[in-house]
Amino acid sequence: VPSPADVLGYSLGERFTPPEDAWRYLRAVDEASDLGELRGYGRTPEGRPLVQLVLAKPAHRARLDDILADLRRLQQPGFAESEANALAARNPAVVWFSYGVHGNESSSTDASIWTAWDIVRGAPTVAGVLDSLIVLIDPMSNPDGRARYVGWYQQAMGAEPNPNPNAREHWEPWPGGRTNHYMFDLNRDWAFVTQPETRQRLASWNYWTPQVHVDFHEMSWASSYFFFPA
C-alpha cells in the first residue's frame, strides 16, 4: 500500500491537503489493499463527493449484510441482554471517525489520511484493530468549507510558514472555511437536519448504526484536547 507521500508527492504536515488530493490518496488505498473500500454517500451543494473509507477484514466484508442486520437489532427497545451479548460476541463493532466538519480546522483531514495509512499497513499502534472492528473514515464532513479554506491559505502563505500570529496567513477573511456552502455550521445541524450534507450523512448513519462515533475537531495550538461530557 503506498504511503501518503508516495501518492501526494509531499509528507503529511508539509502543507494542507486539498479535498481532491485527499480523495486521490483514499482511492489509492482502495485500489492497493483488500482492507479498504471507498464508498460515496452523497454530494455537497457545490458538487463535491461525500465519502467514507470502509476498513474491514475480507472475512467481515464477506458477511457485512448479516453483521449490520445483527447490529441494527441491538437498537430495538426491549432486546434481551443475553441475546445482545451473543450478537456482540460474534460480530465486530462499527466505529465511525468523522473529520473536518469545520473546514478551517485544517489538520483534521490530514489526520484521517494518516489514520487510514496506519491501519492498512498494520502499524504497531493499531495492529489487530480490524479483528474486532469495522472502521469508517469520513475524511471531510465539510468538503466545500475545506476547499474554501485551503484555497485561501495557499494564496496567503509565503515560501515558508510564518509562526507570527499577526501574519496574513493567520487572519482568514470572511466567510472563511468553517461553514458549508450556505454559510451554515454543520456541527450545529445534527438535531435540526437543515443541510444536505447532514441529511445524507444521517442516511448513512442509519445504514451502519455505529457503536462508536468520534468527531475529530482541531482546537488551537494553545488549547488542550476537548472531550464532550456526553
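Describing the pattern of salt bridges
The final tally for this structure, using the stated rule, is 15 salt bridges. Measuring nitrogen to oxygen at the nearest pair gives 3.1 Å for the salt bridge that ties Glu 37 to Arg 61. Linking Glu 37 in strand S1 (residues 36-43) with Arg 61 in helix H3 (residues 58-62), this pair joins segments that are 24 residues apart in sequence. We note a salt bridge from Arg 48 to Glu 46, for which the minimum N-O separation is 2.6 Å. Overall, Glu 46 belongs to the partly exposed group, its relative accessible area being 37%. Each of the salt bridges in this network shares a partner with another, and the network as a whole consists of Asp 70, Arg 73, Glu 83 and Arg 90.

Focus on helix H4 (residues 64-73)
Taken together, the buried positions of H4 are occupied by Leu 64, Ile 67, Leu 68, Asp 70 and Leu 71. Buried residues in H4, looked at end-on, bunch into an arc of 160°, giving them a common side. Exposed and facing more than 90 degrees away from the buried side of H4 are Asp 65 and Asp 66. Considering only its buried residues, H4 is in contact with S1, H3, helix H5 (81-90), strand S3 (93-99), strand S4 (133-138) and helix H8 (196-208).

Considering the side chain of Glu 105
Within the fold, Glu 105 resides in the loop between S3 and helix H6 (107-121). Judged by its relative accessible area of 11%, Glu 105 is buried. A polar contact of 3.2 Å, which involves the side chain of Glu 105, links it to the side chain of His 217. Discounting residues that sit within four places of it in the chain, Glu 105 has contacts with Arg 146, Arg 178, His 217 and Glu 218.

Quick look at the nonpolar core
Counting residues in each nonpolar core, the largest one holds 26 residues, and the members touching the most others are Tyr 25, Leu 53, Leu 55, Val 135 and Ile 137. Every element with two or more residues in this core is listed here: helix H1 (4-8), helix H2 (19-32), strand S2 (49-55), S3, H6 and S4. Leu 55 has contacts with Leu 35, Gly 36, Ala 116, Ile 119, Val 120, Leu 130, Leu 133, Ile 134, Val 135 and Ile 137, leaving out every residue within four places of it along the chain.

Some details on the environment of Leu 71
Counting through the fold element by element, Leu 71 comes out in helix H4. For the pair formed by Leu 71 and Pro 210, sequence separation is 139 residues and the distance between their alpha carbons is 8.2 Å. Setting aside its immediate chain neighbours within four residues, Leu 71 contacts Pro 92, Val 94, Thr 209 and Gln 211.

Structural notes on the packing of H4 against H8
Following both chains from N to C, one finds H4 and H8 inclined at 95°, their axes separated by 8 Å at the closest point. Comparing their axes, H8 and H4 come out roughly perpendicular. Together, Leu 64, Asp 65, Leu 68 and Arg 72 of H4 and Asn 206, Tyr 207 and Trp 208 of H8 make up the contact between the two elements. Looking at side-chain class alone, the contact of H4 with H8 contains four nonpolar, one polar and two charged residues.

Let's talk about the packing of aromatic side chains
Inspection of the entire model under this criterion finds ten aromatic pairs. Ring geometry for Trp 190 and Trp 205: centres 6.5 Å apart, planes at 65°, overall edge-to-face. With Trp 190 in the loop between helix H7 (143-156) and H8 and Trp 205 in helix H8, this residue pair connects regions lying 15 residues apart in the sequence. Taking relative accessible area as the criterion, Trp 190 reaches 30% and is therefore assigned partly exposed. Take Trp 205: its relative accessible area is 25%, and that puts it in the partly exposed class. When the ring of Tyr 207 is compared with that of Trp 208, the centres are 5.1 Å apart and the planes differ by 90°; the resulting orientation is edge-to-face. Overall, Tyr 207 belongs to the partly exposed group, its relative accessible area being 31%. Connected via pairs of aromatic rings, a cluster forms that spans Phe 16, Tyr 149, Trp 152 and Tyr 153. Residue placement shows Arg 72 over the ring face of Tyr 207; its charged tip is 5.2 Å from the ring centre.

Thoughts on the sheet that holds S4
To summarise the sheet geometry, strands pair through backbone hydrogen bonds and adopt either a parallel or an antiparallel arrangement. The five strands are arranged S1-S2-S4-S3-S5 in an open sheet whose pairing can be described as mixed. The open sheet has two free edges, formed respectively by S1 and strand S5 (212-216), since each of these has just one partner strand. Pairs of neighbouring strands in the sheet enclose a mean axial angle of 20°, with direction left out of account. On the sheet, H6 packs against S2, S3, S4 and S5 and is oriented at approximately 145° with respect to S3.

Cut-offs applied
Residues numbered from 1 in each chain as written. Predicted model: local features only at pLDDT ≥ 70, side-chain atom pairs only at ≥ 80, totals over all residues. Heavy atoms only, no water. Salt bridge = Lys/Arg side-chain N within 4 Å of Asp/Glu carboxyl O. Helix = DSSP H or I, 4+ residues; strand = E, 2+ residues; numbered from the N terminus. Buried < 20%, exposed > 50% of the residue type's maximum accessible area, 1.4 Å probe, protein only. Arc of directions from axis to C-beta. Contact = heavy atoms within 4.5 Å. Polar contact = N/O pair within 3.5 Å; in protein donor to acceptor, adjacent residues only side chain to side chain. Core = buried A, V, L, I, M, F, W, Y, C linked by side-chain atoms within 4.5 Å. Axes fitted to C-alpha atoms, helices over the stretch in contact; angles between N-to-C directions. Parallel < 35°, antiparallel > 145°, perpendicular 65-115°, else oblique. Nonpolar A, V, L, I, M, F, W, Y, C, P; charged D, E, K, R; others polar. Phe/Tyr/Trp six-rings, centres within 6.5 Å; stacked < 30°, edge-to-face > 60°. Lys NZ or Arg CZ within 6 Å of the ring centre and 35° of its normal. Pairing = 2+ DSSP bridges.

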